[in-house]
Amino acid sequence: MVSIDDKQRVKTGFREQVQGMRKEESMRYICQICGYVYDDDKEKIPFDQLPDDWKCPLCGATKTDFKAEASKSQTPMTQIPKAAVKPVGDNTGASEAADIKKLSPGQLSAVCSDLARGCEKQYKTEEAGLFNELAAYFASVTPAVDDATVENVAKLLQEDIDNYPNVRAVADRNNDRGAARICVWGEKVTRMLSSLVNRYLNEGEAMLEGTDIWVCTVCGFVYIGEEPPELCPVCKVPPYKFEKIEGRA
Ligand SMILES: [Fe+2]
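All of these numbers come straight from a predicted model, not from anything done at the bench. Every residue gets a number counted from 1 within its own chain, in the order that chain's sequence is written. Local features in a predicted model are, by the rule used here, given only for residues with pLDDT of at least 70; side-chain atom pairs are given and counted only at 80 or more, and totals for whole chains, interfaces and linings are based on all residues.

**Q** Help me understand the overall build of the chain in this model?
**A** Each helix is a run of DSSP H or I of at least 4 residues and each strand a run of E of at least 2, with the numbering of both proceeding from the N terminus. Looking only at helices and strands, the chain has six helices and six strands in total. Any residue whose C-beta has 12 or fewer other C-beta atoms within 10 Å is treated as exposed, any with 20 or more as buried, and any in between as partly exposed, C-beta atoms being built from the backbone. Across the 249 residues in the chain, those meeting the buried criterion constitute 16%.

Next up, the structure:
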């Protein structure tokens, strides 16, 4: 015969077991931009109870930029899920060559501007000047875009984010460490830009009141705040490497 005390013991034991399992499965949430970890175990408020306007303490990304880490055995963030990678042909490089497209003047202007910046960093003043001239030329022959809206910028940024796994796959397959590194920084910076543009779409100019916009001159990370961050959340350079963006219309 099972007594009431026995039943109570079973109930209590079961509850403790479930609580133990919950504890084991306590959630950690990772910022997809800077890698900040929000561990429910170590915080006073569980992540899912944080207000919608909560921001990553390190990089300022929104709550939606965090992804739950279900367990320790979860796929590491840096590992690209196979399903996310589109097939890009054989290993000979021929298919990549066939994929190469002619860049538009606007794209060439951006590439030359980046190359100019790269030359500046290496104190190659003459080359930087020439690339800047080319960038200005290509910008001058770039036709005006009819649908230059913030919504379209958000769409283009999302397309870039969606395409990063493919770029990374090609870089890895060709052992191109430089390109692979660009993917790591580039994807994070693009995610942050996308996050900010989407915030702007929701909040409008209010999100920029009483604050400033800072850009990391090394990796391009954009930060909204009164002061630049203590360290760039993406490339880890100190605050003096950040430039304040001024002259906004
Ligand atoms: Fe940076």
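**Q** Is there a simple way to think about the sheet that holds strand 1 (residues 28-31) in this case?
**A** As a general point, the strands of a sheet are linked pairwise by backbone hydrogen bonds and lie either parallel or antiparallel. Strand pairing is defined by DSSP finding a minimum of two bridges between the two strands. One open sheet accounts for three strands, arranged 2-1-3; its pairing is antiparallel. Whereas interior strands pair on both sides, the edge strands pair on one side only; in this sheet they are strand 2 (37-39) and strand 3 (66-69). Strand-to-strand, the axes of this sheet are offset by a mean angle of 25°, without reference to chain direction. Two strands pair when backbone bridges link them, and strand 1 and strand 3 are joined in this way by four bridges, in the antiparallel orientation. Within the sheet, the bridge partner assigned to R28 lies in strand 3 and is E69. Fitting a line to C-alpha atoms yields each axis, with helices limited to the stretch in contact; the angle taken between N-to-C directions then spans 0 to 180 degrees.

**Q** Is there a simple way to explain the packing of helix 3 (residues 105-121) against helix 4 (residues 125-140) in this structure?
**A** If you want to describe how two helices pack, look at the angle between their axes and the distance between the axes. Close contact between helix 3 and helix 4 brings their axes to 8 Å; oriented N to C, the two are set at 165°. Put simply, helix 3 runs roughly antiparallel to helix 4. Regarding helix 3 and helix 4, the two cross each other, and that crossing is left-handed. For the pair helix 3 and helix 4, the contacting residues are P105, L108, S109, C112, S113, L115, A116, C119 and E120 in the first and E127, A128, F131, N132, L134, A135, F138 and A139 in the second. Angles are sorted into four bins: roughly parallel if under 35 degrees, roughly antiparallel if over 145, roughly perpendicular if 65 to 115, and oblique for all others. Crossing handedness: left-handed means the near helix sits turned counterclockwise from the far one by under a right angle, and right-handed means the same turn made clockwise. Each residue gets a C-beta atom placed from its backbone, and two residues are in contact if those atoms lie within 7 Å.

**Q** I tried to follow the confidence of the model for the chain on my own but got confused; where do I start?
**A** Parts of the model with low pLDDT should not have their predicted coordinates read in detail. Taken residue by residue, the chain gives an average pLDDT of 81. The fraction at 70 or more is 77%. When mean pLDDT is taken per element in the chain, helix 4 scores highest with 94 and helix 1 (residues 4-24) scores lowest with 55. Long-range and interchain partners of residues 72-84, a stretch whose pLDDT sits below 50, account for eight contacts in this model, where long-range means more than four residues apart. For every residue, the pLDDT score states the predictor's confidence, bounded by 0 at the bottom and 100 at the top.

**Q** Before we go on, may I ask you to explain the pairing of strand 1 in this structure?
**A** Two faces make up the sheet, and in a regular strand the side chains alternate between them. Here strand 1 shows a clear split, with Y29 and C31 buried on one side and none of R28 and I30 buried on the other. Looking at chain direction, strand 1 and strand 2 are connected through three bridges and run antiparallel. Paired with Y29 across the bridge in strand 2 is Y38. With antiparallel pairing between neighbouring strands as the criterion, strand 1 and strand 2 make up a hairpin whose turn holds five residues, including G35 at a positive phi of roughly 85°.

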